[in-house]
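Each chain, written out:
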Amino acid sequence: MVDKIKVENLNCYYNKQCVLESLNINIAQNEILSIIGPANSGKTTFLRALNRMNDLDANYSRKGKIYLDDDNIFYMNMENLRRRIGMLFAMPIPLPMSIYENIVYAPKRLGLISNKSEQDVIVEQALKDVSLWDEVKGRLNSSAMKISGGQQQRLCIARILAINPEVILFDEPCSGLDPISTAKVEESIIELKRKYTIVLVTNNVKQASRVSDKTAFFLMGKLIEIDKTGKLFVSPQEKQTEDYITGRFG
Amino acid sequence: MIKLSPKLSQKLSYLILFLATILAVIPVALIVFIIVKNGVSALTWEFLTSMPKDGMRGGGILPAILGTLSIVMSAIFLTLPIGVCAAIYLNEYAKDNLLTRIIKLAIVNLAGVPSVVYGLLGLGIFVMFLKLGVSIIAGALTLSIMELPVVITTARGALNSVPYSFREASLSLGVSRWQTIRYIVLPNALPGILTGAILSIARISGETAPILFTAAAFYIPYLPHSIFDQVMTLPYHLYIISTQIPNMPKNVIFATALVLLMIVLTMSVLAIIARIYFRKYRKW
Amino acid sequence: MKKIINTIIETIIFICGILSIVFVVLIFGFLFKEGFAFFKDYNVIKFIMGQFWYPDSNPALFGILPIVIGSILVTFGACLIVVPIGIMDALYISEIAPKGIRDVLKSSVELMAAIPSVVIGFVGMVTLVPFVKNLFDIPTGLTAFSGSITLAFMAMPTIVTISEDAIRSVPWQYKEGALALGATKWQTIRRIVLKTARPGIIAAVMLGIGRVVGETMAVMMITGNSAHIPNSIFEPVRTMTATIAAEMGETVRGDMHYKALFAIGLVLFVITFIVNFIADLFLGKNKNK
């Protein structure tokens, strides 16, 4: 399989303190990679390094290289990079506008669409892809702040699909949701695998085992182990990994 | 000392607090009442639209009204765009380092510098050093310099009230920083910025000290021809006729105060209503 | 094309940001330059400790002690009135007042801030001044006392709104904890709310003082404008702000009197800057909690 993202010797620092240390990971095309690990293990920092959201923070610095299709992302135009690597946050963040506007917002700003009928097509397609269309098609013009948390999170996924990215990053996307909404979001994620490469950070070990092809275990800013999900959960090579996935860990 | 039961002491304290509140609110009502009661008889259409006569004891206050309007509008026109842009720069672009923090702190504190100090600066810089003379433009520049820290501070407050997560969400979709500001931050900060602007207009309309030596004229019974002319202004006119002119008819002074009060209060009430309205209908 | 517009707008914003900072620096550079120029020709000690302000005598005397005392007297008197009333007011509005009239009370207090100081000065002149004169049977009602009362009400909105913010930001868990232990609401307010909100209330008082010290027109119209050291609060005084406002029109750029007024401006600037800075520190403290 082709590698979509290659991370070479990445080090990340906050206030000069190392939070992620000499990291090497390859992520294959159309693969779902889960990142698991306890709090403060550097999972989210890693995720936000991939679309350079970390770079917004003045206290952050980094060393190393990340390649997207053989292009070093640190030399790429920031807007282009984020267009190609979409990101879903832990809490649903609908923008303060209608459901419809939420989806066409980025395509409009990026100049991807020109007329109303194109917009309509994109909105319908994106909402269908996350199976939200039937739930909201009657009230596309009402505020996105008024739908339920699970619906908002799926709307946020739809918003990312509308700019047609290549990679989607999920940062604990179900941490604020109930089990039923979680199941729906997970369904969407598995569905998305056919078209996109996915990196999923999660606190929920079972979620990682349910949806991902590969799983990486982070601890204290280091990659401890990465392997096929089936293999990692059945016969982990490292003691720490085993302790964590069996719940024997703090 | 008598020991009161907790219940009784609570009742007593509430009563005292209530009386204190009444004491704070009454002067406002009283001032408005006194001015309206004594001024309304002299407040005619003619009073608003004619020139002063008889050493200001008769006639109207048209030049003072127009003078105030021209100075205030020029000042807001100068200070609002610069102030809002500066707020955007400080809040959205400037790196969060020691220098930025010092600048932000300085600007907040400059808003508390007395207006008469700005008047002094206006006289020194615009009237004398830049040789603009006592004129509309010198007064407007003085007021705009005075109001700049206030505009920046309120605009920053409005920008800050837009959750940071909205910016992150927009940026993560590949939308550029300026477009994020233009389409997400500014529309949601606009109510706050506008309310602040209205309050600024109200505030500088009533300011006397900064224009005392930079723009205001004692008595000019005609309208200004250019921005380099001196003008009469409402607050200064009120000051003059209430302290410097002997045998001034009282109801004319009250009517002048009433006009000034109406201009300023209308705008303040507008701002208060706007703020309550926007708070109620805020989308998040 | 979009990129170019983007860059142009960002450049304009950047320039405005820098420009406003440059303005501020330049302007206060000017104040410092003109103010310090005075001290080249006039002894600083004589300026601060001098008991006579006679700018027109020969030789001219520029002792600011009488006007500093005037400012302090008026400010102190105003604080004695406004601080207790303002805090009680804020407590009532934020903790006790029924919801329906809360906004009304708050807005009417805020309206006081909107009334121009020259209007307040005028109303004070025709009502308060004769009242004080008759009440205490003194030769004139234009006294420090009248000034203090007027300024107290002018500082009220600042103190009430900022204290109210501080009181409202006390976490409800604190109050609930106290109420659950059987304290009455008033005991909770007195022991928990007031204590927790203290930094914010101190900040409010500092900002109120800043407002009072800097007030010009109303003071000039009500305190009688007499630049001598008063024996009691029932005598006319003159403040630093009123001195600048009353005399600036008579000066010529560059002469001693002009520079002396700039020196007073400098003193005022430093005082208000310090007061605001302290307020800022306390406000920051409140926020970090």
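Because the structure is predicted, anything quoted here is derived from the model rather than measured.

The rules behind these values
The residue numbering used here restarts from 1 in each chain and proceeds along that chain's sequence as written. Whichever chain is written first becomes A and whichever ligand is written first becomes 1, with later ones labelled in order. Local features in this predicted model are restricted to residues of pLDDT 70 or higher, and side-chain atom pairs are both shown and tallied only at a pLDDT of 80 or more, whereas totals for entire chains, interfaces and linings draw on every residue. Side-chain metrics in this entry use all non-hydrogen atoms of the structure; hydrogen atoms and water are not considered. In DSSP terms, a helix is any run of H or I states spanning at least four residues, a strand is any run of E spanning at least two, and both are numbered starting from the N terminus. Here's how the labels work: a residue is buried when its accessible area is under 20% of the maximum for its type, exposed when over 50%, partly exposed in between, all with a 1.4 Å probe on protein chains only. Residues count as neighbours in contact if any of their non-hydrogen atoms are within 4.5 Å of one another. For the accessible areas, the method is Shrake-Rupley and the probe is 1.4 Å, while residue cover comes only from the protein chains on display. Just so you know, the count uses Lys and Arg for positive and Asp and Glu for negative, and it drops His and the chain ends. Each charge is placed at NZ for Lys, CZ for Arg, CG for Asp and CD for Glu. Where each domain starts and ends comes from a domain assignment, either automatic or drawn from a database. Buried area: the accessible area, evaluated with a 1.4 Å probe, that two parts lose upon being put together, summed over both parts. A pair is scored as a salt bridge if a Lys or Arg side-chain nitrogen falls within 4 Å of a carboxyl oxygen belonging to Asp or Glu. Between N or O atoms, a polar contact is any pair within 3.5 Å; within protein, one atom must be a potential hydrogen donor and the other a potential acceptor, and residues adjacent in sequence are included only when both atoms are from side chains. Each residue receives one of three labels: charged for Asp, Glu, Lys and Arg, nonpolar for Ala, Val, Leu, Ile, Met, Phe, Trp, Tyr, Cys and Pro, and polar for the others, Gly being one of them. Fitting a line to C-alpha atoms yields each axis, with helices limited to the stretch in contact; the angle taken between N-to-C directions then spans 0 to 180 degrees. Any angle that is under 35 degrees is reported as roughly parallel, and any over 145 degrees as roughly antiparallel; angles of 65 to 115 degrees are reported as roughly perpendicular and all others as oblique. By convention the crossing between two helices is left-handed if the near helix lies anticlockwise of the far one by an angle smaller than a right angle, and right-handed if it lies clockwise. Cysteine sulfur pairs qualify as disulfides if the two atoms are within 2.5 Å. What makes two strands pair is DSSP finding at least two bridges between them. Residue types Ala, Val, Leu, Ile, Met, Phe, Trp, Tyr and Cys, when buried and joined through side-chain atoms within 4.5 Å, form a set referred to as a nonpolar core. For a helix, the expected span equals 1.5 Å multiplied by the residue count minus one. It is the directions from the helix axis to the C-beta atoms that the arc portrays.

Overview of the overall build of chain B
1) Next: Within chain B, the regular secondary structure consists of 10 helices and 2 strands.
2) Next: Element order for chain B, N to C, with α for helix and β for strand: α-α-β-β-α-α-α-α-α-α-α-α.
3) Next: Taken along the three principal axes of its C-alpha coordinates, chain B extends 70 × 70 × 35 Å.
4) Next: In chain B, which comprises 284 residues, the share counted as buried stands at 58%.
5) Next: For chain B, long-range pairs separated by at least 24 residues make up 75% of all intrachain contacts whose partners lie at least 6 apart in sequence.
6) Next: About 12300 Å² of surface is accessible on chain B, with carbon and sulfur atoms providing 70% of the total.
7) Next: Taking the average location of the 21 positive side-chain charges in chain B and that of its 8 negative ones, the two points are 13 Å from each other.

Structural notes on the domain arrangement of chain C
Residue and element names in this part refer to chain C.
1) Next: Structurally, chain C comprises domain 1 (2–41) and domain 2 (53–288).
2) Next: Computed over C-alpha atoms only, the centres of domain 1 and domain 2 are separated by 31 Å.
3) Next: At the junction of the two partners, domain 1 supplies 12 residues and domain 2 supplies 11 residues.
4) Next: A combined buried area of about 1100 Å² lies between domain 1 and domain 2, and 81% of that area is made up of carbon and sulfur atoms.
5) Next: It is Leu-31, Glu-34 and Phe-38 in domain 1 that bury the most area against domain 2; as a group they hold 51% of the surface buried on that side.
6) Next: The tally of links from domain 1 across to domain 2 stands at 1 salt bridge.
7) Next: At the surface where domain 1 touches domain 2, the tally comes to 1 residue pair in polar contact (both at pLDDT 80 or more).
8) Next: For the side of domain 1 that touches domain 2, the residue count by class is 8 nonpolar, 1 polar and 3 charged.

Overview of the side chain of Gln-151 of chain A
Residues and elements named next belong to chain A.
1) Next: Mapped onto the elements of the fold, Gln-151 is located in helix α6 (residues 149–161).
2) Next: The exposure class of Gln-151 is buried, given its relative accessible area of 12%.
3) Next: In this structure the side chain of Gln-151 is engaged in a polar contact, spanning 2.9 Å, whose partner is the side chain of Glu-135.
4) Next: Leaving out residues up to four positions away in the same chain, Gln-151 has contacts with Leu-132, Glu-135 and Arg-139.

Concerning the environment of Pro-157 of chain C
Residues and elements named next belong to chain C.
1) Next: Among the structural elements, Pro-157 can be located in helix α6 (residues 144–168).
2) Next: Along the backbone, Pro-157 and Val-82 are 75 residues apart, and their C-alpha atoms lie at a distance of 9.9 Å.
3) Next: What Pro-157 contacts, discounting residues up to four positions off in sequence, is Val-109, Glu-110, Met-112 and Ala-113.

Structural notes on the packing of α6 of chain C against helix α9 (residues 198–214) of chain C
All names here are of chain C.
1) Next: Where α6 contacts α9, the two axes come as close as 8 Å, and the packing angle between them is 155°. Classified by the angle their axes make, α6 and α9 are roughly antiparallel. For the element pair α6 and α9, the recorded crossing hand is right-handed. Contacts between α6 and α9 involve Leu-151, Met-154, Ala-155, Thr-158, Ile-159, Ile-162, Ser-163, Ala-166 and Ile-167 on the former and, on the latter, Gly-200, Ile-201, Ala-204, Val-205, Leu-207, Gly-208, Arg-211 and Val-212.
2) Next: Per-class residue counts for the contact of α6 with α9 are 12 nonpolar, 4 polar and 1 charged.

Let's talk about the side chain of Thr-216 of chain C
1) Next: If you trace the backbone, Thr-216 of chain C turns up in the loop between α9 and α10 (217–222).
2) Next: At 3.2 Å, the side chain of Thr-216 of chain C forms a polar contact with the backbone oxygen of Gly-214 of chain C.
3) Next: Once you skip the residues sitting within four places of it in the chain, Thr-216 of chain C turns out to touch Val-116 and Ala-209 of chain B together with Thr-241, Ala-242 and Ala-245 of chain C.

Points about the state of the cysteines
1) Next: For the structure on display, the rule yields 0 disulfides over all chains.
2) Next: The thiol of Cys-16 of chain C is not disulfide-bonded; the next cysteine sulfur, from Cys-85 of chain B, is found 3.9 Å away.

With respect to the sheet that holds strand β2 (residues 17–28) of chain A
All names here are of chain A.
1) Next: If you walk across this open sheet you meet the 4 strands as β2-β1-β4-β5, and the pairing is antiparallel. With one partner strand each, in any of the chains shown, β2 and β5 (71–72) form the two edges of the open sheet.
2) Next: Summarising the sheet, strand β1 (residues 3–14) and β2 pair through 8 bridges and their orientation is antiparallel. Its bridge partner being in β2, Asp-3 is matched across the sheet by Ala-28.
3) Next: Against the sheet, helix α1 (residues 43–50) contacts β1, β2 and β4 (60–68), and its axis sits at roughly 120° relative to β1.

Some thoughts on the nonpolar core
1) Next: Of all hydrophobic cores here, the largest spans 158 residues; its most connected members are Ile-35 and Leu-121 of chain B together with Phe-28, Val-119 and Ile-264 of chain C.
2) Next: Composition of this core by domain shows at least three residues from each of domain 1 (2–41) and domain 2 (53–288) of chain C.
3) Next: Ignoring anything within four residues of it in the chain, the contact list for Ile-35 of chain B reads Val-40, Phe-254, Ala-257, Leu-258 and Leu-261 of chain B together with Val-119 and Val-123 of chain C.
4) Next: In this structure, Leu-47, Phe-74, Ile-93 and Leu-177 of chain A belong to the second largest nonpolar core, which totals 103 residues.

Brief notes about helix α4 (residues 116–129) of chain A
All names here are of chain A.
1) Next: Taking 1.5 Å per residue as the helical rise, α4 with its 14 residues ought to reach 20 Å, and the 20 Å between its terminal C-alpha atoms agrees with that figure.
2) Next: Within the sequence span of α4, burial applies to Gln-119, Val-123, Ala-126 and Leu-127. The buried residues of α4 occupy an angular sector of 95° when the element is viewed end-on, so they sit on one face.
3) Next: Its buried side turned inward, α4 meets α3 (99–109), α5 (133–136) and α6.
4) Next: One or two steps after α4, the chain reaches Ser-131, where phi turns positive at roughly 45°.

Observations concerning the interface of chain C and chain B
1) Next: With 72 residues of chain C at the interface, the matching set in chain B holds 72 residues.
2) Next: Interface area, chain C with chain B, both sides summed: about 6600 Å², of which 82% is carbon and sulfur.
3) Next: Interface area lost by chain C to chain B is led by Ile-13, Phe-122 and Trp-186 of chain C, which between them contribute 10%.
4) Next: Here Glu-110 of chain C ties to Arg-275 of chain B by a salt bridge, and the two come within 3.0 Å at their closest N and O atoms.
5) Next: Linking chain C to chain B there are 8 residue pairs in polar contact (both at pLDDT 80 or more).

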